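Notes for the structure review
The chain contents come next:
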There are 6 protein chains.
Amino acid sequence: MTGSIVTLGEVMALFLTADARPLGMATDFRLDVAGAEATVAIGLARLGHHAVYLGRLGDDPLGAQIVRTMRGHGVDVTGLQLVPDGPTGLLVRDAPVDRPISVRYYRSGSAAGTVCPDDIPPPLVESAALVHLTGITSALSDSAHATVLHVLRLAREAGVLVSFDPNVRLTLAPPTRWRAIFEEVVPWCDIVLTGADDARVVTDGDPAAWFLDRGAKTVVVKDGAKGAYETDGTTVTQAPARQAVVVDPVGAGDAFAAGWLGGWLRGLPPEQRLREACVVAALAIGAPGDIAGLPDDRVVQAVLAGEGDVTR
Amino acid sequence: MTGSIVTLGEVMALFLTADARPLGMATDFRLDVAGAEATVAIGLARLGHHAVYLGRLGDDPLGAQIVRTMRGHGVDVTGLQLVPDGPTGLLVRDAPVDRPISVRYYRSGSAAGTVCPDDIPPPLVESAALVHLTGITSALSDSAHATVLHVLRLAREAGVLVSFDPNVRLTLAPPTRWRAIFEEVVPWCDIVLTGADDARVVTDGDPAAWFLDRGAKTVVVKDGAKGAYETDGTTVTQAPARQAVVVDPVGAGDAFAAGWLGGWLRGLPPEQRLREACVVAALAIGAPGDIAGLPDDRVVQAVLAGEGDVTR
Amino acid sequence: MTGSIVTLGEVMALFLTADARPLGMATDFRLDVAGAEATVAIGLARLGHHAVYLGRLGDDPLGAQIVRTMRGHGVDVTGLQLVPDGPTGLLVRDAPVDRPISVRYYRSGSAAGTVCPDDIPPPLVESAALVHLTGITSALSDSAHATVLHVLRLAREAGVLVSFDPNVRLTLAPPTRWRAIFEEVVPWCDIVLTGADDARVVTDGDPAAWFLDRGAKTVVVKDGAKGAYETDGTTVTQAPARQAVVVDPVGAGDAFAAGWLGGWLRGLPPEQRLREACVVAALAIGAPGDIAGLPDDRVVQAVLAGEGDVTR
Amino acid sequence: MTGSIVTLGEVMALFLTADARPLGMATDFRLDVAGAEATVAIGLARLGHHAVYLGRLGDDPLGAQIVRTMRGHGVDVTGLQLVPDGPTGLLVRDAPVDRPISVRYYRSGSAAGTVCPDDIPPPLVESAALVHLTGITSALSDSAHATVLHVLRLAREAGVLVSFDPNVRLTLAPPTRWRAIFEEVVPWCDIVLTGADDARVVTDGDPAAWFLDRGAKTVVVKDGAKGAYETDGTTVTQAPARQAVVVDPVGAGDAFAAGWLGGWLRGLPPEQRLREACVVAALAIGAPGDIAGLPDDRVVQAVLAGEGDVTR
Amino acid sequence: MTGSIVTLGEVMALFLTADARPLGMATDFRLDVAGAEATVAIGLARLGHHAVYLGRLGDDPLGAQIVRTMRGHGVDVTGLQLVPDGPTGLLVRDAPVDRPISVRYYRSGSAAGTVCPDDIPPPLVESAALVHLTGITSALSDSAHATVLHVLRLAREAGVLVSFDPNVRLTLAPPTRWRAIFEEVVPWCDIVLTGADDARVVTDGDPAAWFLDRGAKTVVVKDGAKGAYETDGTTVTQAPARQAVVVDPVGAGDAFAAGWLGGWLRGLPPEQRLREACVVAALAIGAPGDIAGLPDDRVVQAVLAGEGDVTR
Amino acid sequence: MTGSIVTLGEVMALFLTADARPLGMATDFRLDVAGAEATVAIGLARLGHHAVYLGRLGDDPLGAQIVRTMRGHGVDVTGLQLVPDGPTGLLVRDAPVDRPISVRYYRSGSAAGTVCPDDIPPPLVESAALVHLTGITSALSDSAHATVLHVLRLAREAGVLVSFDPNVRLTLAPPTRWRAIFEEVVPWCDIVLTGADDARVVTDGDPAAWFLDRGAKTVVVKDGAKGAYETDGTTVTQAPARQAVVVDPVGAGDAFAAGWLGGWLRGLPPEQRLREACVVAALAIGAPGDIAGLPDDRVVQAVLAGEGDVTR
Ligand SMILES: Nc1ncnc2c1ncn2[C@@H]1O[C@H](COP(=O)(O)OP(=O)(O)O)[C@@H](O)[C@H]1O
Ligand SMILES: Nc1ncnc2c1ncn2[C@@H]1O[C@H](COP(=O)(O)OP(=O)(O)O)[C@@H](O)[C@H]1O
Ligand SMILES: Nc1ncnc2c1ncn2[C@@H]1O[C@H](COP(=O)(O)OP(=O)(O)O)[C@@H](O)[C@H]1O
Ligand SMILES: Nc1ncnc2c1ncn2[C@@H]1O[C@H](COP(=O)(O)OP(=O)(O)O)[C@@H](O)[C@H]1O
Ligand SMILES: Nc1ncnc2c1ncn2[C@@H]1O[C@H](COP(=O)(O)OP(=O)(O)O)[C@@H](O)[C@H]1O
Ligand SMILES: Nc1ncnc2c1ncn2[C@@H]1O[C@H](COP(=O)(O)OP(=O)(O)O)[C@@H](O)[C@H]1O
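Residues numbered from 1 in each chain as written. Chains lettered and ligands numbered in written order. Predicted model: local features only at pLDDT ≥ 70, side-chain atom pairs only at ≥ 80, totals over all residues. Heavy atoms only, no water.

Moving on: the overall build of chain A. On a plain count of helices and strands, chain A comes out with 11 helices and 13 strands. Projected onto its principal axes, the C-alpha coordinates of chain A cover approximately 50 × 50 × 40 Å. Residue burial in chain A is summarised as follows: out of 312 residues, 63% are buried. Partitioning the contacts of chain A with sequence separation of at least 6, the portion at a separation of at least 24 is 72%. In the form shown here, chain A has an accessible surface area of approximately 10,400 Å², with 51% of it arising from carbon and sulfur atoms. Taking the average place of the 26 positive charges on the side chains of chain A and the average place of its 37 negative ones, the gap between the two points comes to 3 Å. (Helix = DSSP H or I, 4+ residues; strand = E, 2+ residues; numbered from the N terminus. Buried < 20%, exposed > 50% of the residue type's maximum accessible area, 1.4 Å probe, protein only. Contact = heavy atoms within 4.5 Å. Areas by Shrake-Rupley, 256 points an atom, 1.4 Å probe, with all protein chains shown as cover. Lys, Arg positive; Asp, Glu negative; His and termini not counted. Charge placed at Lys NZ, Arg CZ, Asp CG, Glu CD.)

Given below as structure tokens:
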């Protein structure tokens, strides 16, 4: 429907607790798929866009499940490789009620971190409407960071716009490393979508200003239940979060990104794309895991139109 | 305890999602029983009334389960027939959090629609204290509609009062057909219980007036979280909804009807029967499916008395 | 790896009991995908072949799930259409231990039966290595049967080989109709794979002879726990079934067909393709549903090589 | 279809482990209904007979569930009372693979044991075709034993035949007590169905002789996987067990009794009623719990006719 | 980390409904551990204290599971005996949404009530920092009450402080008996933690005064969603409840007690120990059952510090 | 009851598929505990022995669950440390029917591999009746191997006997490394228990001879469904496997080892300890996971005595 979006990173098998028991007390788990870029890609595919996912996975049953899930949702995974060099990364997590969430990653030595510039088919990047990257990929390994830089260069040369979400994970690297990554990557980016918390790694001042100063043309700041705003340095557009009962807050920011980028690709003005992004995020946090709640466009439009709860 | 209530319609097997995942993402389902009139019948039986359910089901394992469930709850199913003419109707549905509900019906060609006037044992109707009907049955098929008219005639001849709930299902028929049904049926009815939304199919004005104009003596208007009111054209009695956390809103109106009709059968004044109806409805939406939350009278009275949460 | 296989038919949502309770007593169900041709297509895709699935599904959440599952397994569904003309077909089934299986279909009026010759993109058929069809599709509706004949003509004109499995379903049509279908369809087919029971609809004598007489070049007869044999009218090659604990026998024949056709596409001699087919079938019946047990080639080869149970 | 069968005893809530973990390691349980006489009553009702169940249950949610289950299956529970004198009895049990089963009863002080002769409506007994009793009821309490004797007297006076199953439970009483019960009760009984093991409480010799000596006219001896035989003292008729994969062996004897008594009520000759009884028992042990596997007559006849596994 | 806490009572197997269906409609249950003193002991052990649990359990699989759970959480169960004199007590309960909770106990004749003074190893009591008792144990049986008095005497002689929670259970004894217990026990106690409701059994006036008058030095009054306060007769310190979504309110008071006693043992001032107690209680009611939500100290401190929801 | 057994190694969180779907198709998982030495330790503890487990775990929720499980079963974990140096190791596995099992380990960089000689409290080893080690620990890391050698020295100096199970895991190291480990370790060992397959890593000849040649006094060779034998170089004692339906074969060898070592500690002669070992192993493979089926001594004796299936 619109040009394609290319993204890249580590998508993992998620073992999610199946009830409200916290991780230290849980016995039943459900397998799901997780990863910031994969959530954005699946979110965009569900909304009807052509999303391309690049990178590596272990050539094992969990890797096969992930490929099946992404391809099932319509993500183009022809450039995603199953390699024997390491296992598919994995995380274990709970989603308790009113209690800090516990997450443990098993991604050290995983296949995803072995991604390298040669894995990237240049035409896929060059023909895209947008490339979306996150800080996580740079923090995975040196070769993953090199791959990010390689993609940035390909995109710039081909005049393809780039969006970036810091997506800070302090278990992967210390704040200094994150700051270094941002200083290196942001100048290549046109759009930055950042969580208000993540932005605090670089500044306690105005987060938008920090990214605009380094070259971003549009900065979107997501701020949980408070909603989000975007700015091009001149105008600020604000949107309240959509009222929601939270089943599983993880992935809200990536769902929001999918909604926002989808709106941006369709040429919606700031107010509308922020509103759609808030709807997508609110629907995402009403279901367990990062993926199950991602809506298709029909559901988004029904919610925006305030349609009744049941059609029958 | 009071005279019997006779009802009639299509009761179906409900495949309900087992967690908060929306229908398009769900893998686990729980079998339940659904159908507006069946919910009213079971609701009344649980409250201690003698409810009689007429109609047809497929002579198959799902039909057998439905009979077992209804009979188990004490509904008199001696007049409900298992026939080989078609399968038991079925619906598939989710109950997601903060998201429009998806329902799909598999009732075309089902056994229930083959019901005909000869299926109705006249004495069961003639000896009843009340006959309860809905618009759905008329919309199922010509022979089902003929059966409704037949029952209305039997009731009128025997001086048995009739209550009616429009229960509009736009997947069964277009608005014009629904209006035609109401114009034909309402003049035979004493009591109308209608959802405020359903009433909008016939009028954007005062819903009670529309039904009173066509002969109803008492009209009860249910309005979701806003509560309900009833009127005989002279006095209007209002009741707020009972504060509730919504687990599954479907069936609220039928649970309300069971509560209201139960109170009416026991001779409660308007204020009290509305209050009991709101309690029954609030309890019903606190459990998954249409049936599991329907309370017995002991629970209703405990809730009305504001008894503590745990007795031990 | 080899040329593509094109198939066509009705793929349905399967509500499968989640434990050993028979359908009339079950409460927990798991959603799966079922349909003879879809099982063959997924089975081939899992084995590494390019399988193309044509036809129609309802434009609804269950249809979306089916597309996601098939696409996830790598089946090419670009020619499978989601249409608003009817719901996605559905079946409800148990898999009890030592007890007849109960199946109920909800496919009357479903979207799949509205398939018509215009739905078939000629190039997909003409470029195929093989077209696989079953009797079920012809039994669905007149337009589905017309579509089958259309595909047969396209294949013959393009010199594409055709395989056919009678797959008799007596709930869809009486034996006379099945016989009529076979008389009309078999002359267009090169390969017939038939269950020994299904063959009895046309003859109590030698099933292979019946099909060979009508033009088939190769006939494969599947006979449950007894195994299978194939013949070209001259040589008969036999293979014993692989010893197996049966978890869910449904779909064994379609899994076998996937295994056999996969071997045939790779040019394996009769003895080897029969042996692989028996392995694929035995693995399929060791898991619930028609799909979950379908192996990839690695598992097939490990089983054939008699590798130990656990590699670690 | 035939005259009614009246039975009496303690029916309990069964908490059954939901997977193969033994009781000492299990965390998930499924609620079911258990009790030797209730299994016979439900078994007969499922086979199409009019079964009447008498006795007492606690007036509590578990008692309500049991009534619902029995009534749902068509058992006449109009004479079963919910009383406030004690809780509904309960048992906790596993069904592990190849391992001794663990059962724990919580029936001391339960409502069922307070049953007394006045609870028995004489007409229900006097109009029956058969009264079925077990040793368990006599072992529950003095008043329960008095009720058994009362029913025996009512039956004899009305010329109603009596069947009896020792059903020894050594957790309820020591062997001497069981022997005393049998010496007192058997002379009132026409038919004795006994497990071979249970019979060993009274004799290591020929079990049939022991019961025939005390007045039984027909003795049926059930012997697990070896099958069963019956004798009237003159002729012995034997039947092998039906080959079966055992999912849960508990309740086999009661299922067998339902099958045998059903056949007896329909006037089947010994060979046929034994064969039906073996089929009913084999189907019962193929499903978890005592009740879920009990077949209706259609399934029994399909199995006897050796019909294929799937009809579709 | 601090001196040990000794407690005593009946710990039971809890069969808890696995979803929002009320007890009378539930089919799936999860086994857990329950008992006021056991919750306090496990709560303290999870917070890092040395908790000693005394008493009796049945020598059966449920008793073994309970021992395993308590020992697993670090409770010292060397003084807890598995005896053949009766079964392990059991309760069945639901945790419905917005509806009165149903609890049924199966503890009559259970092993726990046979506890006697000789079961208490004096050194365990004499070396403790605190003994914690509840009214329940006294209400179980005469010998259990004698054991309570024996422990009180041992504690007083050794100068060990005693805390007491009335924990009224009206199914165990009538109000008069509870009052008698309190009159006898409270004079031996230093600290009383009481639910506001429980206190109403003895006074409708100021609950703290009633207990202070009988010798308590510190009285803590827990008042559900309103929070709690404590007083030594001079100063009153108040704490609001922590805002919480209630998943299962049962056990809140015992979780609070664990938190409060843990703070007291660590020498925290009233305001801080009340605040920690409210956090522990709020976390406990966010998970199903009495135990699963009990936090370790790390979680308590993270919540008090207002740390973000996910660390990653 | 007997002297203590000390063991050492990596115990992991096991995510086990919850139904018969293979790993590549499974969505539901159950958390369990796995690890060869931990299974032996828990097996011995369940049989009533004092088992001591040494080593390291991550200081995280999965580590806490493992400690809770082991301590719950009565294993002495006072010497098992939770450290911040790495996560708790994890494995993901299925247990399909008639199909090769898939296992994936996530143990690289895990806390267990950081174990070092200083972690071993000498008195725990010196006071033991037996030290049990496996080849796995040596293959984890250099420091883990050093710890094994340290323990071997401590044991020899204190005159404590040592048993050893090769437990080859080819994902941890190549065959040459395993051979090197055995050459280094076996001379320190008195008892070797080896799977017949594992022994093939060192010899295709007589496995017992290979180990006896290197100093072992007793060699036990486990051979799956064929059973096991032991020899001291002079006498060979053989035992058939106990007939069993296999639910999950993994852990059979470790369960066997627990049974054999338990018998050896109690001074049973070869024939009897082999027979007990086969019973323990057969019970273990009848339940999912490595731990759930491990019996206590009562169950072992009941099975050996051929006691009936249900006691009630
Ligand atoms: N509690 C909530 N209620 C409603 N919407 C929310 C809530 N939390 C997050 N959202 C939505 O998700 C968006 C992103 O959430 P945020 O937590 O800022 O993302 P991130 O995961 O990147 O930190 C918010 O802008 C808002 O639209
Ligand atoms: N969110 C809610 N909270 C509390 N009560 C509700 C809620 N929704 C419905 N109810 C109760 O159920 C009754 C019927 O609901 P309504 O949605 O009007 O019925 P219908 O299903 O016929 O549309 C209302 O009058 C009210 O008492
Ligand atoms: N009980 C069984 N054990 C092992 N293999 C079986 C069993 N049942 C079927 N199969 C395999 O599946 C193949 C097809 O089975 P069949 O029942 O003949 O198919 P259909 O489903 O077409 O009737 C058989 O040839 C055999 O290889
Ligand atoms: N393993 C089995 N396989 C097949 N049928 C069985 C098996 N066990 C029991 N049955 C059937 O159930 C009947 C009663 O079983 P039995 O164990 O003797 O009953 P009880 O429960 O009274 O001891 C047997 O006669 C047989 O028909
Ligand atoms: N709904 C609630 N929300 C937040 N905290 C609660 C809630 N209910 C109970 N609590 C906490 O648990 C504590 C004890 O609760 P309460 O119900 O008084 O205990 P009890 O179980 O002894 O009656 C309260 O003081 C409060 O801190
Ligand atoms: N299929 C089986 N049936 C019965 N017992 C078995 C079976 N498989 C293993 N066992 C028992 O477990 C023991 C150890 O099994 P084995 O597979 O040799 O161990 P390992 O896991 O070390 O390879 C065997 O000696 C036997 O007693």
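A few words on the side chain of Glu37 of chain C. Residue and element names in this part refer to chain C. Here Glu37 lies in helix H1 (residues 36-46). Buried charged residue Glu37 carries no salt bridge. Nearest counter-charge: Arg107, at 6.5 Å. Among residues more than four places away in sequence, those in contact with Glu37 are Thr7, Leu8, Gly9, Glu10, Tyr53, Thr134, Ile136 and Thr137. (Salt bridge = Lys/Arg side-chain N within 4 Å of Asp/Glu carboxyl O.)

With that settled, consider the relation of the copies chain E and chain D. Here chain E sits on chain D after a turn of 180° about the axis and a move of 0.0 Å along it, with an RMSD of 0.0 Å. What the superposition gives is, in effect, a two-fold axis relating one chain to the other. No C-alpha of chain E lies nearer the rotation axis than that of Phe29 of chain E, which sits 2.5 Å from it. (Least-squares fit on C-alpha atoms with pLDDT ≥ 70 in both.)

A few words on the packing of aromatic side chains. This model, assessed by the stated rule, comprises 27 aromatic pairs over all chains. Between Trp210 of chain C and Phe211 of chain C, the ring centres sit 5.0 Å apart and the planes meet at 75°, which makes this aromatic pair edge-to-face. This pair shows no difference in class: Trp210 of chain C is buried, exactly as Phe211 of chain C is. Three or more aromatic residues joined by ring pairs form one cluster here, namely Phe15 and Phe29 of chain A together with Phe15 and Phe29 of chain F. Lying over the aromatic face of Trp210 of chain D, Arg214 of chain D brings its terminal NZ or CZ to 3.8 Å of the ring centre. (Phe/Tyr/Trp six-rings, centres within 6.5 Å; stacked < 30°, edge-to-face > 60°. Lys NZ or Arg CZ within 6 Å of the ring centre and 35° of its normal.)

Take the pairing of strand S3 (residues 28-34) of chain E next. Of all 7 residues in S3 of chain E, 6 are buried, a share of seventy percent or more. Bridge count for strand S3 (residues 28-34) of chain D against S3 of chain E is 3 bridges, and the pairing is antiparallel. Within the sheet, the bridge partner assigned to Asp28 of chain D lies in S3 of chain E and is Arg30 of chain E. (Pairing = 2+ DSSP bridges.)

With that settled, consider the site of ligand 4. All names here are of chain D. Neighbouring ligand 4 are 16 residues, the closest being Gly224, Gly227, Arg242, Gly253 and Ala281. For ligand 4, an oxygen atom lies 2.7 Å from a polar atom in the backbone of Gly224. Take Gly253: an N or O atom from its main chain is 3.0 Å from an oxygen atom of ligand 4. If ligand 4 stood free it would expose 550 Å²; the protein chains cover 80% of that surface. Elements that contribute at least two residues to the shell around ligand 4 include exactly helix H9 (252-265) and helix H10 (270-284). (Near = heavy atom within 4 Å. Polar contact = N/O pair within 3.5 Å; in protein donor to acceptor, adjacent residues only side chain to side chain.)

Attention now moves to the interface of chain B and chain A. The partner chain A presents 24 residues to the 18 residues of chain B that form the contact. For the interface between chain B and chain A, the tally reads 2 salt bridges. Taking the shortest distance from any N to any O, the salt bridge between Asp32 of chain A and Arg21 of chain B comes out at 3.9 Å. Our count for the contact surface shared by chain B and chain A stands at 4 residue pairs in polar contact (both at pLDDT 80 or more). When the residues that make up the side of chain B that touches chain A are grouped by side-chain class, the tally is 11 nonpolar, 2 polar and 5 charged. (Nonpolar A, V, L, I, M, F, W, Y, C, P; charged D, E, K, R; others polar.)

On to the UniProt feature "domain: Carbohydrate kinase PfkB" (unreviewed entry) in chain A. Those residues carrying the UniProt feature "domain: Carbohydrate kinase PfkB" (unreviewed entry) are residues 4-296 of chain A in this numbering. Between the end C-alpha atoms of residues 4-296 of chain A the distance is 17 Å, and the span holds 35% helix and 22% strand. (UniProt positions renumbered as here; feature names shortened; annotations may be inferred.)

With that out of the way, let us pick up the packing of helix H9 (residues 252-265) of chain C against helix H10 (residues 270-284) of chain C. Any two packed helices are characterised by how steeply their axes cross, that is the angle between the axes, and by the distance between the axes. All names here are of chain C. Interaxial distance between H9 and H10 falls to 7 Å at its minimum, and their mutual angle equals 145°. You can see that H9 and H10 cross each other, and the crossing is right-handed. Here H9 contributes Ala252, Ala255, Phe256, Gly259, Trp260, Gly263 and Trp264 to the contact with H10, which in turn contributes Arg273, Leu274, Ala277, Cys278, Val280, Ala281 and Ala284. (Axes fitted to C-alpha atoms, helices over the stretch in contact; angles between N-to-C directions. Left-handed = near helix turned anticlockwise from the far one by under 90°.)

Mapped onto the elements, Ser108 of chain D comes out in the loop between strand S7 (103-106) and helix H3 (122-126). Residue Ser108 of chain D is classed as exposed on the basis of its relative accessible area of 52%.

Another aspect to go through is the relation of the copies chain B and chain A. Here chain B sits on chain A after a turn of 120° about the axis and a move of 0.0 Å along it, with an RMSD of 0.0 Å. Seen this way, the second copy is the image of the first under a three-fold rotation axis. Minimal C-alpha separation from the rotation axis in chain B is found for Asp19 of chain B, amounting to 5.5 Å.

So, on to the confidence of the model for chain A. Within chain A, residue pLDDT values average 96, and 98% of them lie at 70 or more. Per the prediction output, this complex has pTM 0.97; the corresponding ipTM is 0.97. (pLDDT = per-residue confidence, 0-100.)

A few words now on the pattern of salt bridges. By the definition in use, this model includes 96 salt bridges over all chains. A salt bridge links Arg30 of chain D to Asp28 of chain E, with the shortest nitrogen-to-oxygen separation between them at 3.8 Å. A residue pair is termed interchain when its members come from two chains, as with Arg30 of chain D in strand S3 and Asp28 of chain E in strand S3. Its relative accessible area of 10% is what places Arg30 of chain D among the buried residues. Relative accessible area serves as the criterion here: at 21%, Asp28 of chain E is assigned to the partly exposed category. Ionic contacts of the salt-bridge type, sharing partners, join the residues Asp28 of chain A, Asp28 of chain D, Arg30 of chain E together with Arg30 of chain F into one network.

All right, on to the sheet that holds strand S2 (residues 12-17) of chain C then. Ordered by their spatial adjacency, 8 strands build an open sheet running S7(B)-S6(B)-S2(B)-S3(B)-S3(C)-S2(C)-S6(C)-S7(C), and the pairing between neighbours is mixed. This sheet does not close on itself; its edge strands, each paired only once, are strand S7 (103-106) of chain B together with strand S7 (103-106) of chain C. Each strand axis lies, on average, 30° off the axis of its neighbour in the sheet, ignoring direction. Both S2 of chain C and strand S6 (residues 90-93) of chain C contribute to a ladder of 4 bridges, which runs parallel. Its bridge partner being in S6 of chain C, Ala13 of chain C is matched across the sheet by Leu90 of chain C.

The interface of chain E with chain D comprises 24 residues on the first partner and 23 residues on the second. Taking both sides of the interface into account, the surface hidden between chain E and chain D amounts to around 2,100 Å²; carbon and sulfur atoms contribute 57%. Viewed at the interface, chain D and chain E are joined by 2 salt bridges. Put simply, chain E and chain D have 13 residue pairs in polar contact (both at pLDDT 80 or more) between them. Sorting the residues of the side of chain E that touches chain D by element identifies S3, helix H2 (61-72), strand S6 (90-93) and strand S7 (103-106) of chain E as the ones contributing at least two each. Residue classes in the side of chain E that touches chain D are distributed as 12 nonpolar, 6 polar and 6 charged. (Buried area = accessible area lost by both parts, 1.4 Å probe.)

A few words now on the pairing of strand S9 (residues 161-165) of chain A. Where a strand is regular, its side chains alternate between the two sheet faces. Residue and element names in this part refer to chain A. For S9, a buried count of 4 out of 5 residues is recorded, marking the element as mostly surrounded by other parts of the structure. Bridge count for strand S8 (residues 130-134) against S9 is 5 bridges, and the pairing is parallel. Pairing of Leu130 across the sheet is with Leu161, part of S9. Note: S9 against strand S10 (residues 191-195), 2 bridges, orientation parallel.

With that settled, consider the side chain of Glu230 of chain D. Residues and elements named next belong to chain D. Assignment of secondary structure puts Glu230 in strand S12 (residues 228-231). Residue classification places Glu230 among the buried positions, given a relative accessible area of 3%. The contact partners of Glu230, leaving out residues within four places of it in the chain, are Thr218, Val219, Val220, Thr235, Val236, Thr237, Trp260, Pro270, Arg273 and Leu274.

Our focus in this paragraph is the packing of helix H1 (residues 36-46) of chain D against H9 of chain D. All names here are of chain D. Packing of H1 against H9 leaves a shortest axis separation of 8 Å and a crossing angle of 45°. Considering their axes alone, H1 and H9 lie oblique with respect to each other. Relative to H9, the crossing made by H1 is right-handed. Contact residues: H1 offers Ala36, Thr39, Val40, Gly43 and Leu44, while H9 offers Asp254, Ala255, Ala257, Ala258, Leu261, Gly262 and Leu265. A class-by-class count of the residues in the contact of H1 with H9 yields 8 nonpolar, 3 polar and 1 charged. (Parallel < 35°, antiparallel > 145°, perpendicular 65-115°, else oblique.)

Even without a glycine there, the phi angle at Asn167 of chain C is positive, about 45°. Note that Asn167 of chain C resides in the loop between strand S9 (161-165) and helix H6 (175-185). Backbone geometry at Asp98 of chain E places phi at a positive 55°, although glycine is not the residue there. Its location among the elements puts Asp98 of chain E in the loop between S6 and S7. Assessed through its relative accessible area of 42%, Asp98 of chain E is described here as partly exposed.

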